[in-house]
Structures are given as structure tokens and as C-alpha cells.
Amino acid sequence: MAEDAPRFKPYDHPAGGWGAAAATAKVLLEQSVVTKGSRALLSMNQPGGFKCPSCAFPDADCKKTLEFCENGAKALAHEATKFRVTRDFFAQHTVTELMEKSDYWLEMQGRLTEPMRYDAASDRYVPIGWDAAFALIGKHLRALESPDEAEFYTSGRTPNEAAFLYSIMVRQFGTNNFPDCSNMCHEPTSRGLPPAIGVGKGTVVLEDFEHAEAIFVIGQNTGTNSPRMMTNLVEARKRGVPIVAVNPMPERALIRFTEPQDIVQMATFGSTPIASEFVHIRIGGDLALIKGIMKVMFEREAQGEAVLDHAFLAEHTAGMEAVRDEVMALDWRDIVEHAGIEEAQIRRCAEIYIRSKATIICYGMGLTQHQFGSRLLQQVASLLLLRGNYGKPGAGISPIRGHSNVQGDRTVGIDEKPSQKYLDRVRDVFGFEPPREHGHHTVESVEAMIAGTAKVFIGLGGNFVRAIPDTERSYEAMSKLALTVGIATKLNRGHLVHGKDALILPVVARSERIETSHGEQFVTIEDSMSNVTASRGVLAPASPDLKPEVEIVCRMAMAALPESRIPWESYIHDYGLIRDKIAEVYPEIYEGFSERIKEPRGFHLDIPPRRLVWPTPNGKANFLLLPGLDVNEPIADPAMLRLATVRSHDQFNTTIYSYNDRYRGVYNDRMVLFMNEEDRIARGIAPRAQVALETISRDGVRRRVEALTVIDYPMSRGAVAGYYPELNPLLPLDYYDRISGTPAAKSIPVRVVAA
Ligand SMILES: Nc1nc2c(c(=O)[nH]1)N[C@H]1C(S)=C(S)[C@@H](COP(=O)(O)OP(=O)(O)OC[C@H]3O[C@@H](n4cnc5c(=O)[nH]c(N)nc54)[C@H](O)[C@@H]3O)O[C@H]1N2
Ligand SMILES: Nc1nc2c(c(=O)[nH]1)N[C@H]1C(S)=C(S)[C@@H](COP(=O)(O)OP(=O)(O)OC[C@H]3O[C@@H](n4cnc5c(=O)[nH]c(N)nc54)[C@H](O)[C@@H]3O)O[C@H]1N2
Ligand SMILES: [Mo]
């Protein structure tokens, strides 16, 4: 019992190392898959094997025999688990009972095994045959008054082949309603960067890390969320490359790391310091930091020193003068106040940046999830332009994407605002007229559910209800739908908050073999650096009654669109035919797909800025303005704190692997609030007190979460942090970046109230 009591103990070891090795062994044991899991780990990220189902960071060039990390091992162990959710399980529990269980408990029940349909009379899920399930989907979709009454969600683990067909099916059905996980994640990258540099993707490839002279890691918890990137950071530090980490939380792995694959370090308990400069930024203070660095550069230019890349600026860019004038007019005191750090540190960061001939800036949710997230990223792009950090080795912008194929899904058509050019291609290749009006992103799809105009929700992967803001209202909205469909590997809350009709359709997972009448099939994914690689599962499917996502999409299409002349049936059997169609719709990047994918390490999709080509309307890289220093609407309330909702070390998004967060020293508890000690004292809160949090909102809705334990933590002043998804009830639905639709989950204005 005592073992399960909450414990808080600062973690003073380096991240990685033996702690990571022990955690890997433990999770394989817990899921009872030591032999099976260990064998599968040998095929993960190897040519001929499957791609890690966890994050989107690319894998290195065959240099390591074991290209996985602790958190990749957790993802795999939970997928390869020996536990099963069977029809008996559903017979034993009503849905109301299951709603009482924690997300962790639901996850631990294991893999789904056969299609199920909700039965209102018994409040249970009961078995349904696949044919009947597809017929039910077809019936509901065909009964809608307008195709826009359906919402088609995608989560980023879905491979290219399934996502592409899904985007075609939905458009032939007649809507562009594509809420997807990217809308809550890197959409500011997809929408913010194109007007600046012409592409909504990163411009860096893995080898660039070997040539970089400085690396900035901003708003990203590398050691937990893309641990394989730690190898690159360790190697860079060993070469003496300065690393600037910008974060309101001093994340352990960004301070000191032991490379689990470095035998000497492991044997000697050695480690590598990571951040040469840790910038303890205020939440949302990144804009002030970026503008401060720019200001140092412009000031030095004004004094006659050449710190800008003038040749590059003249040849490739437009709009710098307006940015310079705006930045020069800013007051240093305001910059320092907004950033929450000293001017001297901003100057040191500027010095690192100026001295480096090739700089990479990596970023994660700490930059994207703010109200002006898209425009903030444009400033990151601008900072890089000032020293010509594009189109040369070791330099560029590097969004660190989340889900393993979230970038790929966007590339192959999961896009609620498709371009006319793309729609013309779809028309020409598939012979139907796709809808031209924009569809719903994630927040808009929830608004449509609340308004009652959405009737059907289909979730291709993911856990929509737990990922979105405003938990209570969202639950209510989902329950009003006529049909909800969860296409998934694991049971999650999204299946329990359901419409009047509801289906759970279990799928073959990434690590599992796909056999069709044409033999073994593989799928493809695109990683965070635009590499497209094949993924072939090696394990037997968790149950004989699972279907691959491609087949589920095709059969939904056949049921919903009986008149369709697209050969859905043939795609079920031969994935090569799907890739041929992808090549036809996207010839610029996917020409010769079927041939090129035969390369053991796949191929790279063209990123024009790497060639110094800017696909913007004026053909230049553009400096865009974001006046002032705020990345969120300012709120004048002295009691306000800014809440960042973050991931623990033992979760993958809404999937909770355990209640521990080792690097932050939290054990057996997720209802915690990380707070700066002085902020706590200033509010008269006792150490380890239980408090409630309330959102400072303007719509009159009271949003409150009870019983959070306050933990003294070296947060920057005014910043608090707690875990997603538990704190999503505090995130208002309309609190999002207007350009991308991304909820501002890193800067929720809250106040502490007595519990
Ligand atoms: N193991 C594991 N891996 C994952 C995931 C997972 O849940 N578990 N999720 C995947 C997905 S979908 C994604 S999108 C990525 C997410 O990976 P990350 O981008 O690392 O996401 P978060 O943990 O949400 O938070 C990122 C960091 O932002 C910091 N931060 C908060 N506010 C600010 C700010 O205003 N400025 C700055 N500079 N920093 C700030 C937080 O302290 C935190 O360290 O990881 C992917 N990989
Ligand atoms: N407050 C707050 N909210 C956030 C965030 C935040 O930082 N703070 N982050 C946001 C971000 S970045 C993201 S990406 C979203 C994540 O939102 P989602 O992508 O919707 O959520 P996940 O938790 O990744 O989805 C997990 C489920 O996916 C299913 N699954 C797993 N593997 C497969 C597969 O191979 N195929 C299929 N079909 N299903 C599979 C399993 O059933 C599992 O339960 O959440 C967002 N919400
Ligand atoms: Mo994400």
C-alpha cells in the first residue's frame, strides 16, 4: 500500500542511463512480453522491420543495432501486450461502470479483439460482425442531410496508405471536415511557416545535426518525447557545440544525460551535460527572447559590425526593414520583463547565435500551443533568416513532430483547408468533383457537435474526447451524436463517451503483420524530417478478428458510396496500387513512389528551402510582423498564473503507462501542480497543499479542477504546470490560435483557489 502512496523526490541523476534501461525491462515485464517484446525491439526502426509507433523523430543510418529508446519500448510493450479486451470483458462491465475507471485502468486491459456495437438496452458493448458494422456506418452516412454533418478525425499513427484513401473517401462523400490531431499540435507549423518560407515543414535532416555549430531547443521536452534525438544532442555537445535550451521547466534530460547506448558511459556512470545555456523563460516569453536576440544583432549592425548575412538577405528575403524598425523600437526593459530573464543572458544567446555559421532551432509544443503560435513560429523563421540559416549543412528550422506519422497524414491529404491545385488533382486522378469549401478543424468540429449540426463522428485512431479542450462540454457534445466510431488498437475513453449508435473497430497495429490475398503488405510513414520509409510488422496480430486500417477505410467507402467507381476492393489487397495513386496526386514529391520505397532507408521528400527555393507568392522568404511581445492576449489580473499542460515521462498523449514521472521526481500521482516556491509563498499556500485551479475566462463558464497537490518546483515565475489530459477541463474551447485552430494548451490563464 505504502508503495502506491504519492511520493515527490527530486531526481538528481542524469536522465537516460541505467534508469532508462531499468524502465525498459520493467515495462516488458508488466505487459508480460519479455521475449516477444525483446524480439520485436530488434526489428524496430531496422530496414525490413517496422517503424517505432511512438514519436516522429527519424532514425539514424544503421549505425546502431538497437535504434529504440525507453519510451519507444513502452509504446511497443503496450502494443504487444499479452492482455486482451474480449467480448467477455464487455459482458462483465456496463459502459457506465467503465466510465468510472481511470484512463490508466482502461489502457491496462489490453488489446481490442473484435468489432463491438453499443447496445443501449443493456448499456454494454456487444459483438457485431464486420459486415454489419460497415453496413451500419454506411446507413448512417447515407442518411445525413448533408455530408458536412459528419466529422472525420485522424490521429497521427495512421500510415500514409490508410490516411490517403480516407482523405479520398471523405472528399468523394462530399466534405472537407478533417479534424485531426495535428490541429492540436504542429498545425502552427503547417499554417504559420508557408507564408514565411513556403513550406509547412522542417528544413533540417538528421545529418545536419552533425554540422550544426549551435542548436536551440525551445519548448520541447526531448528526453521524454523524442528520446532518440538525445543521441544527436549528446554527439553535438561532445563536439563542443553550444546548446541553448529554452523552457520554463528545467527538464532533466536537457541538463544532463547518459546515453544508454554508450557502453563506456553506462559502465562508468558517466554523463554528458546538455544545455550550455539554460534559459528559464516565462511562459510565452519566447517572443521576447527572439526579439531580444534580433535587437542585439540590429544594434551591432547599427554600430557598423556585420553580424547579418547581407548577401543572403538581399538575394532571398523580403520585409526585413519593417521587422528591424519594430524590434529597434522595443524597450529593453519590456523585453526583459516579458522574457523573465536577464538582459545579459539574452546577449549571451545572441552571441552564441552570431558566432555560429550554422544554427538549428528545434521546437515543440512549448511554442506551438499559444494563442499566437503560428505567428510566433514566423518569428523563429525570421531569426534564422537573419544569418542565412537555410540551404546549407547544419542549419534550419526543425519542428519536432509528435505522432510517428502525423506529418505524413497531412502530406497525403488530411487537411480541412485543401488547396485548389490539390483538389484539381484529386478530380483528375479519381474522376469525381471534390467539395471546394473548407471543412472543420478540431475545434470547429466540436463547435458543430455542440450546435447539433454534426451527427456522425468517425475516429481513425486517437482518443478525441480526451485530447480536445473543455472536457465537460465536449463529453456532452459527443453524447448527442447519432453515431460514433472508434477505429483503434486499445480501449479508451473516446469509446465510452459515445453517440446513440456506437462502434469500436479493432485494428492491426504497427508492429503486426498485414497479410492479404496478395501476400504480405507494408505501409509507409513520413517522419519529422520528411523521410518516407516502409514499415513491416513482424508480430502476429493480437487477434484473428482484427483488420488493417486500409481495409477498414475501403470498406467504409464501399458502404457509404455504393456508386463509387474507385476500385476500393483492389486497394484492400494491394497497397502498391495505393502508392501509385499517391504518386499521381503528388507527382512533385512522390513520383516513382513504388520504386523509390524499395531503398532500405526510404527516401526524402523535397523541401524547396533546402535548395534556397521559396514557394511563396513572391518567391522570397518573408519576414512577417508580430508586433509587441505577447504570444497570448494579456490579462490584467495580479493573481493570474499561466498553466502549461504537459506530458509526464510515463504517458503517450492520452495513454497513461504509469503514475510516475521519474525525471520530475513524481511517483504515484498525476494530480499535481508544479509551482515556483516564491509564487506559492506569495499566495499563502502551504507546502504540498491541495488546491483547486480555476480558469480566468471571459465566457462566463466556470472551469475548475479540484484536488491538485502543489509541488515546489523550479518553474519560472508566474508559470505553473500540470498534466494533460487531466487538466483539459480548464482549457476553454475558444482559447486557440486563430490561424491554425490550435488550442493554447501551454498558456491557460488560471488562478489558484482554496480546495
Ligand atoms: N513518450 C512520449 N513521446 C511523445 C508523446 C508522449 O506523450 N509521450 N507525444 C508525442 C506528441 S503527439 C507530441 S506533439 C510530442 C510533444 O512533445 P513536446 O513538444 O516535448 O510536448 P510537451 O510535453 O507537451 O511540452 C513541451 C515543453 O514545453 C515547455 N513549455 C511550456 N510552455 C512553454 C513556453 O511558453 N515556452 C517554452 N519555451 N517552453 C514551454 C514545457 O515545460 C515542456 O518541457 O511528443 C511526441 N512524443
Ligand atoms: N491540454 C492539452 N491537450 C492536448 C495536448 C497538450 O499538450 N495539452 N496535446 C495535443 C496533441 S500534441 C495531440 S497530438 C493530441 C493527441 O490526440 P490523439 O492522437 O487523439 O490521442 P492519442 O492519445 O495519441 O490516441 C491514443 C489512442 O490511439 C489508438 N491507437 C494507437 N495506435 C493505433 C494505431 O496504430 N491505429 C489506430 N487506428 N489507432 C491506434 C489507441 O486506441 C489509443 O487509445 O492531443 C492534444 N491535446
Ligand atoms: Mo502531438
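Numbers given to residues run from 1 along each chain, matching the order in which its sequence is written. Chain labels run from A onward and ligand labels from 1 onward, assigned in the order the entries are written. The model is predicted, so local features are restricted to residues of pLDDT at least 70 and side-chain atom pairs to those at 80 or more, both for listing and for counting; the totals for chains, interfaces and linings are taken over all residues. Computation of side-chain values: all heavy atoms of the structure, hydrogens and water removed.

## Examining the packing of aromatic side chains
In this scheme Phe, Tyr and Trp rings, the latter by its six-membered ring, pair at centre separations within 6.5 Å, and the angle between planes marks the pair as stacked below 30 degrees, edge-to-face above 60, and tilted otherwise. In the structure shown here, the tally under the stated rule is 25 aromatic pairs. Look at F89 and F90: their rings are 5.3 Å apart centre to centre, the planes differ by 85°, and that puts the pair in the edge-to-face class. Taken individually, F89 and F90 each receive the classification buried, so the pair is uniform in this respect. Pairing W568 with Y571 gives two aromatic rings, centres 6.4 Å apart and planes at 85°, and the pair type is edge-to-face. One end of the pair, W568, and the other, Y571, are both in helix α29 (residues 568-573), three residues apart, so they sit about a helical turn from each other. With respect to burial, W568 and Y571 carry one shared label: buried. Type-normalised accessible area, obtained with a 1.4 Å probe on protein chains alone, sets the label of each residue: buried when under 20%, exposed when over 50%, and partly exposed for intermediate values. Helix numbers and strand numbers start at the N terminus; a helix is a DSSP run of H or I with at least 4 residues, a strand a run of E with at least 2.

## A look at the site of ligand 2
Near ligand 2 you find 30 residues, and of these Y153, S155, T654, Y724 and N728 are the closest. Any N or O atom pair separated by 3.5 Å or less is treated as a polar contact, with the protein-specific requirement of one donor-capable and one acceptor-capable atom, and with residues adjacent in sequence counted only for side-chain atom pairs. Here a nitrogen atom of ligand 2 sits 2.8 Å away from a polar atom, N or O, in the main chain of A467. Separating a nitrogen atom of ligand 2 from a backbone N or O atom of I487 is a distance of 3.0 Å. Each residue is assigned to one of three groups, with Ala, Val, Leu, Ile, Met, Phe, Trp, Tyr, Cys and Pro labelled nonpolar, Asp, Glu, Lys and Arg labelled charged, and all others, Gly among them, labelled polar. Residue composition of the shell around ligand 2, by class: 13 nonpolar, 12 polar and five charged. Nearness is judged by heavy atoms alone; a residue qualifies as near a molecule or strand once a single heavy atom is within 4 Å of it.

## A few points about unusual backbone geometry
Look at the link from Y724 to P725: it is a cis peptide, with omega at 5°. The topology assignment puts P725 in the loop between β32 (719-723) and β33 (748-754). The backbone of A707 shows a phi angle near 55°, a positive value even though the residue is not glycine. Considering the arrangement of structural elements, one finds A707 in strand β31 (residues 704-712). Judged by relative accessible area, A707 falls into the partly exposed class, the value being 36%.

## As for the nonpolar core
One finds I137, L141, F164, F430, I458, L505 and Y590 to be the most contacted residues of the largest nonpolar core, which totals 70 residues. Ranked by residue count, the leading element in this core is helix α8 (residues 160-173), at nine residues. Pairs of residues are marked as contacts when any of their non-hydrogen atoms sit within 4.5 Å. In contact with I137, not counting residues within four places along its chain, are I458, L483, V485, L503, L505 and M556. Nonpolar cores are built from buried Ala, Val, Leu, Ile, Met, Phe, Trp, Tyr and Cys residues. Side-chain atoms within 4.5 Å join them into one set.

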